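# Understanding the architecture of this molecule
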Amino acid sequence: MSGAYLYAATRTPFGRFNGALAGVRPDDLAATALSGLLDQAPGLDRAAIGDVVWGNANGAGEDNRNVGRMAVLLAGLPVSVPATTVNRLCGSSLDAAVIASRALESGDADIVVAGGVESMTRAPWVLPKPDRAFPAGNVTAASTTLGWRLVNPAMPKEWALSLGECNELLQEKFSISRERQDAFAVRSHRLAARAWDEGFYDDLVMPMPELARDEGIRPGTDPEKLAALKPSFRPDGTITAGNASPLSDGASAVLLGTAAAADRIGLEPLARIAGRGARAVEPQMFGYAPVEAAEQALRRAGIGWADVGAVELNEAFAVQSLACVDAWGIDPEIVNTRGGAIALGHPLGASGGRLLGTLAKVLRKRRARWGVAAICIGVGQALAVVLENVTDEVSD
């Protein structure tokens, strides 16, 4: 079997809900990320791309009808390049990379692009079709921006709670204080701002006319400001707008290939996908699901936490991130060293691609061999991927 290697990664800046990217359609965001990624491999014959696997969580508006294929067409790739769109909610673009890696390892393709997109701003309201023709009463539109909608009445109520309430339950279970959550959020903003100022994201993020850098970063955030915010989900709760990821818009993309494809791609590989994990728990405990997903990925890579030099964990909520880090028993200082989703943003279908691109670069910067990317997923799931740094920038 051939290995699956990451050759390049890029993403758009992530915009805030109703912010700078509000006027950009999700299929255009996807095409922008796809074009930007392939600009990094100018010698690659676009017709040699065996498949494009694209992640998208909502798919209810302008991102309908297979937004991955729309991105291929809008980006001007040959019409012979196929594409599919996958939906594993917040894990969609990480799932896309996992699917792409399996295609490479099995020999079904030599070069595959994976990525994802979400415009939470432009997610539409939807109306269910009536049970009978011409009803006389009012109807209610459901927002497709985030979370459950049009819930099946057979679903147990405890499984269909809001994402915030689910994480308040997680907070109760593990007694993670508001102070710890706020401190974690402050760290995310501080590290993200520093990373941008030091140029870390310059070659990972492609500036757009509407936005040059991530819109949600607040360098002046401090514990006192966050402590003044009111709880968002319970009057006496701990989760606020300050210690949870914001609604966001953006897209990401990664170029994957076999080792033998390096000459055609025109680049040297950066990292190998060495292990994968997918796990599920009770829907209301989704924030804790990355714990076992990462453990599974590590076992499949044949390593343990002592070997890991960097972790990129999607910060859906500070409380679930802290719960996972505590469970792994790892040094918190190797986690999200360039900021996380609380500061950078979390456009659902795009976040997994961001994690992979950032992790590959962090491993090179830290001269570390092994890293873990993990993400929690609504309705009780999680994904994790182990990357092995295969560049010369790795210590013995």
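Above this note sits the structure.
First things first, this report covers the structure right here in the doc. From a predicted model like this one, the values you see are computed outputs, not experimental measurements. (Residues numbered from 1 in each chain as written. Predicted model: local features only at pLDDT ≥ 70, side-chain atom pairs only at ≥ 80, totals over all residues. Heavy atoms only, no water.)

### What about the overall build of the protein chain?
Looking only at helices and strands, the protein chain has 11 helices and 12 strands in total. Here the C-alpha radius of gyration of the protein chain, 20 Å, is about what a compact globule of 396 residues would show, namely 21 Å. Principal-axis analysis of the C-alpha atoms places the extent of the protein chain at approximately 60 × 55 × 40 Å. Taken over 396 residues, the protein chain has a buried fraction of 58%. Sequence-distant contacts, at least 24 apart, represent 79% of the contacts inside the protein chain between residues at least 6 apart. About 16100 Å² of surface is accessible on the protein chain, with carbon and sulfur atoms providing 51% of the total. Charge separation in the protein chain, taken as the distance between the mean sites of 38 positive and 45 negative side-chain charges, equals 2 Å. (Helix = DSSP H or I, 4+ residues; strand = E, 2+ residues; numbered from the N terminus. Rg over C-alpha atoms; globule rule 2.2 N^0.38 Å. Buried < 20%, exposed > 50% of the residue type's maximum accessible area, 1.4 Å probe, protein only. Contact = heavy atoms within 4.5 Å. Areas by Shrake-Rupley, 256 points an atom, 1.4 Å probe, with all protein chains shown as cover. Lys, Arg positive; Asp, Glu negative; His and termini not counted. Charge placed at Lys NZ, Arg CZ, Asp CG, Glu CD.)

### Comments concerning helix α8 (residues 290-301)
Counted at 1.5 Å a residue, the expected span for α8 with its 12 residues is 16 Å, and the 16 Å between its end C-alpha atoms agrees. Along α8, the residues that are buried comprise Pro290, Val291, Ala293, Ala294, Gln296, Ala297, Leu298 and Ala301. The inward-facing, buried residues of α8 contact β9 (271-280), β10 (308-313), α9 (318-328), β11 (370-377) and β12 (381-389). Taken from the residues just after α8, glycine 302 is the one with a positive phi, measuring 80°. (Expected span 1.5 Å × (residues − 1).)

### Observations regarding helix α1 (residues 26-39)
The terminal C-alpha atoms of α1 lie 20 Å apart, and with 14 residues this matches the ideal 20 Å at 1.5 Å per residue to within 8%. Burial within α1 is extensive, with 10 of its 14 residues counted as buried. Of all the positions in α1, only Pro26, Asp27, Leu29, Ala30, Ala31, Ala33, Leu34, Gly36, Leu37 and Leu38 are classed as buried. Those residues of α1 hidden inside the fold are in contact with β1 (5-11), β3 (51-55), α2 (67-74), β5 (111-119) and β8 (248-257).

### Some points on the pattern of salt bridges
For the structure on display, the rule yields 16 salt bridges. For arginine 234, the salt bridge identified is with glutamate 172, shortest N-O distance 2.6 Å. One end of the pair, arginine 234, is in the loop between α6 (223-227) and β8; the other, glutamate 172, is in helix α4 (residues 163-174), with 62 residues separating them in the sequence. A residue is classified by how much of its surface remains accessible, and arginine 234, at 18% relative accessible area, is buried. (Salt bridge = Lys/Arg side-chain N within 4 Å of Asp/Glu carboxyl O.)

### Re the nonpolar core
In this structure, Tyr201, Leu256, Leu356 and Leu387 are the most contacted members of the largest nonpolar core, which totals 48 residues. Not counting residues up to four positions away in its chain, the partners in contact with leucine 256 are Tyr5, Leu6, Tyr7, Ala97, Ala100, Ser101, Leu104, Asp110, Ile111, Val112, Ala114 and Ile273. Ranked by size, the runner-up nonpolar core spans 33 residues in total, among them Val24, Ala30, Ala251 and Ala262. (Core = buried A, V, L, I, M, F, W, Y, C linked by side-chain atoms within 4.5 Å.)

### Quick look at the layout of surface pockets
When its volume is computed, the largest pocket comes out at roughly 890 Å³. Surrounding the largest pocket, 39 residues form its lining, Met120, Leu146, Leu163, Ser245 and Leu247 being those nearest its centre. For the lining of the largest pocket, the per-class residue count stands at 22 nonpolar, 14 polar and 3 charged. (1 Å grid on protein atoms, 1.4 Å probe; cavity = no way out; pocket = protein on both sides within 12 Å on 5 of 7 lines; lining within 4 Å. Points joined across faces, edges and corners; volume = space filled by probe spheres on them. Nonpolar A, V, L, I, M, F, W, Y, C, P; charged D, E, K, R; others polar.)

### Topic: empty space enclosed by the protein
In this approach, a probe sized like a water molecule rolls over the atoms, and the result shows the empty space that is left. On inspection of all chains with the given rule, the structure shows 2 cavities of 30 Å³ or more. Of the pockets and cavities examined, the largest cavity occupies roughly 60 Å³. Broken down by class, the residue content of the lining of the largest cavity amounts to 4 nonpolar, 5 polar and 2 charged. Of the pockets and cavities examined, the second largest cavity occupies roughly 40 Å³. In terms of lining, the second largest cavity is formed by Pro26, Asn58, Ala60, Gly61, Glu62, Asp63, Ser119, Arg122, Ala123 and Pro124. Residue composition of the lining of the second largest cavity, by class: 4 nonpolar, 3 polar and 3 charged.

### Topic: the packing of α8 against α9
Contact pair α8 / α9: the axes reach a minimum separation of 9 Å and the direction vectors enclose 45°. The angle between α8 and α9 falls in the class oblique. Remark: the crossing between α8 and α9 carries right-handed chirality. Each of Pro290, Val291, Ala294 and Glu295 in α8 lies in contact with α9, whose residues at this interface are Cys324, Ala327 and Trp328. Taken together, the residues of the contact of α8 with α9 break down into 6 nonpolar, no polar and 1 charged. (Axes fitted to C-alpha atoms, helices over the stretch in contact; angles between N-to-C directions. Parallel < 35°, antiparallel > 145°, perpendicular 65-115°, else oblique. Left-handed = near helix turned anticlockwise from the far one by under 90°.)

### Some thoughts on the packing of aromatic side chains
Evaluated as defined, the whole model comprises 4 aromatic pairs. Note on tryptophan 196 and tyrosine 201: the rings are 5.4 Å apart at their centroids and 40° apart in plane angle, and the pair reads as tilted. Of the two residues, tryptophan 196 and tyrosine 201, neither departs from the other in class, the shared state being buried. Ring geometry for phenylalanine 200 versus tyrosine 201: centroids 5.0 Å apart, planes at 85°, classification edge-to-face. Sitting over the ring of tyrosine 201, arginine 11 keeps its end group 5.3 Å from the ring centre. (Phe/Tyr/Trp six-rings, centres within 6.5 Å; stacked < 30°, edge-to-face > 60°. Lys NZ or Arg CZ within 6 Å of the ring centre and 35° of its normal.)

### Digging into unusual backbone geometry
With phi around 60°, asparagine 18 is a residue other than glycine that occupies positive phi space. Relative to the helices and strands, asparagine 18 is located in the loop between β2 (15-16) and α1. Even without a glycine there, the phi angle at arginine 65 is positive, about 60°. Relative to the helices and strands, arginine 65 is located in the loop between β3 and α2.

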